[in-house]
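Fold and geometry: a report
Okay, here's what each chain looks like letter by letter:
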Amino acid sequence: MTPHTSTPGRAPAAATGFLVGGAAGFLLTEAVAVLVSLALGEPLDVGGGGLPRIALVTAVLLCALAGALVGLGRAGRPGGPRPEGGC
């Protein structure tokens, strides 16, 4: 096994990142829907499906996957204090 796959805590970190990213994506799409409805003067209708629904679902999934990747990246970092001013 490689060190990347055997690092403990990577699966929970990826799952947490996936959930947090999905929640952030949902909030992002809701904010966009509110802004579009304010600009157009009527609510954004995605009940019938089509391109708006696909775009909203894709945005949430992409944010969730990005969150999982960030979680994996953070789980792979060595622990311990970081120098002040460093990342």
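Residues numbered from 1 in each chain as written. Predicted model: local features only at pLDDT ≥ 70, side-chain atom pairs only at ≥ 80, totals over all residues. Heavy atoms only, no water.

Structural notes on the side chain of Thr29
- In this fold, Thr29 is placed in helix H2 (residues 10-40).
- In this structure Thr29 touches Leu56, Ala59 and Val60, once residues within four positions along its chain are discounted. (Helix = DSSP H or I, 4+ residues; strand = E, 2+ residues; numbered from the N terminus. Contact = heavy atoms within 4.5 Å.)

Let's talk about the packing of H2 against helix H3 (residues 51-75)
- Interhelical geometry of H2 versus H3 gives an angle of 145 degrees and a closest axis separation of 6 Å. Judged by the twist between their axes, the crossing of H2 over H3 is right-handed. Within the contact between the two elements, H2 uses Arg10, Ala13, Ala14, Gly17, Phe18, Gly21, Gly22, Gly25, Phe26, Leu28 and Thr29 and H3 uses Leu56, Ala59, Val60, Cys63, Ala64, Leu65, Gly67, Ala68, Gly71, Leu72 and Ala75.
- Taken together, the residues of the contact of H2 with H3 sort by class into 14 nonpolar, seven polar and one charged. (Axes fitted to C-alpha atoms, helices over the stretch in contact; angles between N-to-C directions. Left-handed = near helix turned anticlockwise from the far one by under 90°. Nonpolar A, V, L, I, M, F, W, Y, C, P; charged D, E, K, R; others polar.)

Considerations on the environment of Ala33
- Examined against the element boundaries, Ala33 turns out to sit in helix H2.
- Here Ala33 falls in the buried class, since its relative accessible area comes to 18%.
- For the pair Ala33 and Pro43, spaced ten residues apart in sequence, the C-alpha to C-alpha distance is 7.6 Å. (Buried < 20%, exposed > 50% of the residue type's maximum accessible area, 1.4 Å probe, protein only.)

Here's the deal with H2
- Between its first and last C-alpha atoms H2 spans 44 Å; for 31 residues at 1.5 Å apiece the expected length is 45 Å, and the two agree.
- Burial in H2 covers these residues: Arg10, Ala14, Gly17, Gly21, Gly22, Gly25, Thr29, Ala33 and Ser37.
- Remark: Gly41 follows H2 within two positions and exhibits a positive phi of approximately 85 degrees. (Expected span 1.5 Å × (residues − 1).)

What about a nonpolar patch on the surface?
- Taken together, the side chains of Phe18, Leu19, Leu62 and Leu65 present a nonpolar region at the surface, about 420 Å² in accessible area.
- Of all the secondary structure elements, the ones that give two or more residues to the nonpolar patch are H2 and H3. (Patch = residues over 30% accessible without salt bridge, like charges linked within 9 Å, V, L, I, M, F, W, Y side chains within 5 Å. Areas by Shrake-Rupley, 256 points an atom, 1.4 Å probe, with all protein chains shown as cover. Salt bridge = Lys/Arg side-chain N within 4 Å of Asp/Glu carboxyl O.)

Here's the deal with the confidence of the model for the chain
- Of all residues in the chain, 80% have pLDDT values of 70 or greater, and the mean over the chain is 82.
- Least confident of the elements in the chain is helix H1 (residues 3-6), whose mean pLDDT is 54; most confident is H2, at 91. (pLDDT = per-residue confidence, 0-100.)

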